[in-house]
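# Summary of structural features
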Amino acid sequence: MNDTAERAAKHVGLIALAAAVVVAVPIGLVKGAPTVVLWIGFVLLAGAVLLFWETLQLVLDPAQPGDVDEGDDDGAALAALDERKRAALQALRDLEFERSIGRIGEDDHRALEARYREEARAAMKAIDDGVGPWRARAEAMLAEADGTAEAAPIAQAGKSTKPATLTKDAHAEAKPDAAECPKCATPNDEDAVFCKKCGHRLQEEVADATT
Amino acid sequence: MEHPSYDAGIPAFGTGVLYAFLVTAAVSLCLAVLAGTDRAGAAPRLLRAARLAALGTCALIGLDVMLLLYGFLSHDFRIRYVAHYSDRSMPLHYLITALWGGQDGSLLWWTFLLSLYTSVCVLTLRARHKELAPWVIATLMGVVVFFGVIMSWAANPFSASFVGAPLEGEGLNPSLQNFYMAIHPPSLYVGFVGCAVPFAWAVAALVTGRLGEEWTLAARRWVLFAWMFLSIGNVLGMLWAYEELGWGGFWAWDPVENAACLPWWTLTAYLHSVMIQERRGILKVWNVALLLFSFFLTIFGTFLTRSGLISSVHSFAQSGIGIYFVWFMGGLVLLCVGLVVWRLPLIRKAAEIDALLSREAMFVANNWMLLGISVFIALATTWPKIAEWLWGERLTVGASFYNAWLAPVAVVLLLVMCIGVLTPWRKASPDLLLMAFRGPLVAGIAAGTAHVVFGRSVGLPAVVIIPPIYDVVTPIKLFGATLGHVNVGRGIAWLDGHLPAVATALVALNVAALAQEYWRGTRARMVSKGESAPIALTRLVGKNRRRYGGYLAHIGFVVMMAGWVGAAYRQEAEAILAPGESFRLGHYTLRYDGISFIRDITVRQTQAKVTVTRDGEFFAELRPARFSYTARPDQPTSEVSIASRLREDLYITMNSVDPTTRVAHLKAFVNPLTLWIWLGAMILVCGVIIAMWPEASKAAAREPRPIGGRPKAVVSTGKVLLVTVLAGGAVLLLAAPAHAQNNHMTSVASNARQATPNERRVFEQLRCMCGDCPRESLSTCACGFADGQRERIRDRLARGDEPRTIIEDYVARYGSESLEVPPDRGANKALYLVPVAVMLAGAGVGVRLVRRWARKPVPVIPSPAATMAATKTDDDAASEYDARINEELRGHDE
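Just so it is clear, the structure is predicted and the values come from calculations on it, not from any experiment.

Rules used in this analysis
Residues numbered from 1 in each chain as written. Chains lettered and ligands numbered in written order. Predicted model: local features only at pLDDT ≥ 70, side-chain atom pairs only at ≥ 80, totals over all residues. Heavy atoms only, no water. Helix = DSSP H or I, 4+ residues; strand = E, 2+ residues; numbered from the N terminus. Buried < 20%, exposed > 50% of the residue type's maximum accessible area, 1.4 Å probe, protein only. Contact = heavy atoms within 4.5 Å. Areas by Shrake-Rupley, 256 points an atom, 1.4 Å probe, with all protein chains shown as cover. Axes fitted to C-alpha atoms, helices over the stretch in contact; angles between N-to-C directions. Parallel < 35°, antiparallel > 145°, perpendicular 65-115°, else oblique. Left-handed = near helix turned anticlockwise from the far one by under 90°. Nonpolar A, V, L, I, M, F, W, Y, C, P; charged D, E, K, R; others polar. pLDDT = per-residue confidence, 0-100. Pairing = 2+ DSSP bridges. Domains from an automatic or database assignment. Phe/Tyr/Trp six-rings, centres within 6.5 Å; stacked < 30°, edge-to-face > 60°. Lys NZ or Arg CZ within 6 Å of the ring centre and 35° of its normal. Disulfide = S-S within 2.5 Å.

Here the focus is the overall build of chain B. The secondary structure content of chain B amounts to 26 helices and twelve strands. Taking all 894 residues of chain B together, the buried fraction comes to 58%. For chain B, the share of sequence-separated contacts (at least 6 apart) that also reach a separation of at least 24 residues comes to 74%. A total accessible area of about 36,100 Å² is found for chain B, and carbon and sulfur atoms account for 66% of it.

And the structure:
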């Protein structure tokens, strides 16, 4: 619900902005530059008032929803592991590049590649181990939700326990052979790489499910 | 129309909006801090409130700017600022530029740019970076609060005068009414203010303790953007000085110029050291500190421009706002040092790099050099104040000091640069590295030798005699015994004199190394993918934008360096001529043909026609002029005329002309390689744009992103287009007609003869003390006072007086600040000893650090078969991970 409202609000903002710019042109032609400046100022003032009104509501009313969390926040430990994995992958890419332009010898390359592959493997394993419990919990909750056929709040992998802000349309459209996104429970195609709703990466999960 | 009160309408409303945005910024700041420290789950709501309040604050600031602009456009002279800086005759575009022409308006302009940056940051932030976002917003709003406070208390741009509106405004200073004044401050400001966003990210990283990749990735494009505009702004400043100020040069090491370039050096250091962090996860706190320091330097630079602390051609009026800046800077220092010290223990991982001979180590060297340069410039800039506070001596540190000491440093920087480019990441195989050096080394030696052999014949001799900046013999004492003597001044002068050929060699080395890098990458692609050369090159750059964009920026910088070296060969001549007479300079014969008058409502132009022939052939027709503005008839200005060629610029000004006899005083310069500076700058900007260009949306696999999260938002195409347009505007600079302003000229023809080397040696060491000009030396200043002094000194030299005595008498008469460079005596030795000591210490620290980081040597795995066997003995999980690794790597390489 919040999603559509926010999208509409964003579009309204853009439309209003475009209208303001368009109106500025005839104003400028008829009344001259100073009036255009005043018009822009007025638009800004209106925008400011609207924004502060919204701010006031957010501050005073605890029931107002905050921002939709678009990024996953699996905690510092996982982020650190992810960083190590990415650093190792970057190292492997660098190595490959340096070798392709002939700046690193074969022996050095082999040795360093082995080392960085080891680092990448270790980091990925640690990540999988870390994420495992959350995934299991999400799957359990999904199963529960499917069983009762009601909108079940899905806790985001992480720390917060506030209600999710996702629709339950996904459940109604569930197909028997679809892969469900562990994050938002939207059914996706079996071979989908990313969830079509929230963008969560599904590929690794699918791979895990088959091994 | 009668106004009910002296400030009703725009002045009062504008002031009201000023107070309003100060309050709303404070509110947003509080909300953001609450969101950041919240434990009760209200954080998302409060964060959203903080974001919207920040956007609202930005809208109010925009409104305030519109109101002030309206005041200018409607000629509301009740507003003091409008009355002071505009008049009814000014065209629209200069009315707009008058917005930032003065103190108060420029503060509002600073805040406005900050609000633009904040809005873009807040809008692109949306709901990501949940932990960091509150603190980013809080920091940005904090800076807004600071500027709001200054303006509300001490520098209100809307303040109205009690006595009512004057009938006509004073008009903008004619020297500010030109193309460059329209674009130099805004572009420099965009760079300056741009440092605030990375600063906010750095503070957020420190406060939350999340010092990892998240914040560096988020901040990366902001840093590149700010750096690009710092580069553009500084180069525009150089162009402005060259084409407008008319003293023949482009960089006077003016305190404000120095303050504007200091953040550039620290940001450049950051751009390099952050790449080490991305690869090894080390130097986290160092990188944070660099960004904090860069922002501090921008505030310091803003302060220097306004407080009149150190006299400069840029100083706005001395005003009372300096003290606000001092408090703010003090607070900044406390905050930054406190945060850094608090988070220092977070670095748990032992720092490791693979080898001493690696790009990681070279970047440490890079940071060492750039920080050393910053320390040097910062110390020399503030030295006059330090000397005055500590031991009450008034001193000047003139351009010759900087030029003398920085020349060897620049050459070392060139050397470090080329080694860094050729050294690969992780580990360099020494034999391969030497092989890579071969080509560039040949190019470098060839260029250097060519310079030595042919230099003199093209007017750019390889060895130049440079007058020493001081001539004091210092005994080296150790435990009371005198070991020897050293003459630092002569030593440096000797070194500088022998550097040109070395610099040429290094420039060629660098360019060859960079070209070789492009070639090697292209050829690798041609071989492995079978692509043709142009396609391979395009794809290569497209896939490695940071690397190859960075290389291009390096090429640009090196070309600029070549231009700076050329400046050492500047020649000048001046003459007083009647129409028809001519004088010679280098290969050129300049014949003064006469003057013509052009008049319009704003300005009266007296334009001279000078026909220039080179070795007998027609070369160019130049038209130096004198402008007299109707609004300020007592401040005539000189307009420069320049003929730019790749090899050298021919630059002419007319210092004065007698309208009746038509006798004109002309001064001409030959400036070799100056065009290279502007060309190099454009190449630099192109390189940065390539490095900044957003990856295609297919980059899901390429761009690192947090676990499970969506790919990072890419910089919008609109923003990049804007950047391209603005950068493209820099190209227009070369097409702009050249004008020069030199306000303190008088109409009295000055005694003009080309100074003999002896005379010049004395003139260059003494400053003109007329009080009007900005610290020009007697050799360049053309005012009446300088004329008189030069005449007196010439007489004394003719009588046989020693130059040293003459200088001492001059100093005795006008004070120690009349010396261009502080004498090499006593405490003033610290001026060069401290930076040298810092650089030596830094080198020691750097080497120790790198050695500690380098791991034990990697064991060499004997053969592929053994490696395969080793992998096979791992369990299946390992090979599955290998498959995943390969897939991720493949995803990048397409």
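For the rest of this paragraph, the subject is the packing of helix α2 (residues 43–73) of chain B against helix α6 (residues 133–153) of chain B. All names here are of chain B. For the pair α2 and α6, the least separation of the axes is 10 Å and the interaxial angle reads 30°. Compared by their axis directions, α2 and α6 come out roughly parallel. With respect to the hand of their crossing, α2 and α6 are arranged in left-handed fashion. Seen from α2, the contacting residues are L47, A50, R51, A54, T57 and I61; seen from α6, they are A133, P134, I137, M141 and V144. Per-class residue counts for the contact of α2 with α6 are nine nonpolar, one polar and one charged.

The next thing to look at is unusual backbone geometry. Residue and element names in this part refer to chain B. Non-glycine residue H75 carries a positive phi angle of around 55°. Among the secondary structure elements, H75 is positioned in the loop between α2 and α3 (80–85). On the accessibility criterion, H75 (19% relative accessible area) is buried.

Below, the discussion takes up the confidence of the model for chain A. All names here are of chain A. For chain A, mean pLDDT is 73; residues scoring 70 or higher make up 70% of the total. Between the elements of chain A, mean pLDDT differs from a low of 41, seen in helix α5 (residues 169–172), to a high of 90, seen in helix α2 (residues 33–60). With pLDDT under 50 throughout, residues 149–176 is counted as low confidence; its partners more than four residues away or in other chains account for 38 contacts. Of the regions scoring below 50 in pLDDT, residues 205–211 engages in five contacts with residues more than four places distant in sequence or in other chains.

Residues and elements named next belong to chain B. Taking strand neighbours across the sheet as the criterion, the four strands line up as β3-β12-β11-β10 in an open arrangement whose pairing is antiparallel. Among the strands making up the open sheet, the edge pair consists of β3 (571–577) and β10 (641–644). The average undirected angle you get between the axes of adjacent strands in this sheet is 15°. Pairing between β10 and strand β11 (residues 648–657): four bridges, direction antiparallel. Paired with S644 across the two strands is D649, which belongs to β11.

Below, the discussion takes up the domain arrangement of chain B. When cut into domains, chain B gives domain 1 (1–172), domain 2 (410–568) and domain 3 (571–668 + 739–818). In this structure, domain 1 of chain B and domain 2 of chain B have C-alpha centres spaced 46 Å apart.

Time to look at the pairing of strand β12 (residues 664–672) of chain B. Residue and element names in this part refer to chain B. In terms of burial, β12 is a largely internal element, nine of the nine residues being buried. Across seven bridges, the pairing between β3 and β12 is antiparallel. Looking at the pairing, E572 lines up with F669 of β12. Bridge count for β11 against β12 is nine bridges, and the pairing is antiparallel. Looking across to β12, one finds that S656 is bridged to H665. The antiparallel hairpin formed by β11 and β12 contains six residues in its connecting segment, where R662 sits at a positive phi of about 60°.

Residue and element names in this part refer to chain B. Per the counting criterion, the structure on display carries 42 aromatic pairs over all chains. Judged by centre distance (6.3 Å) and plane angle (65°), the ring pair of Y242 and F250 falls under edge-to-face. We note that Y242, like F250, is buried. Site record: aromatic cluster; members linked through ring pairs are W110, F146, F147, F296, F300, F303, F325 and F328. Its guanidinium or amino end placed over the ring of W342, R343 lies 3.7 Å from that ring's centre, counting from NZ or CZ.

Moving on, we get to the state of the cysteines. Counted according to the given criterion, the structure contains zero disulfides over all chains. The thiol of A:C181 is not disulfide-bonded; the next cysteine sulfur, from A:C198, is found 3.7 Å away.

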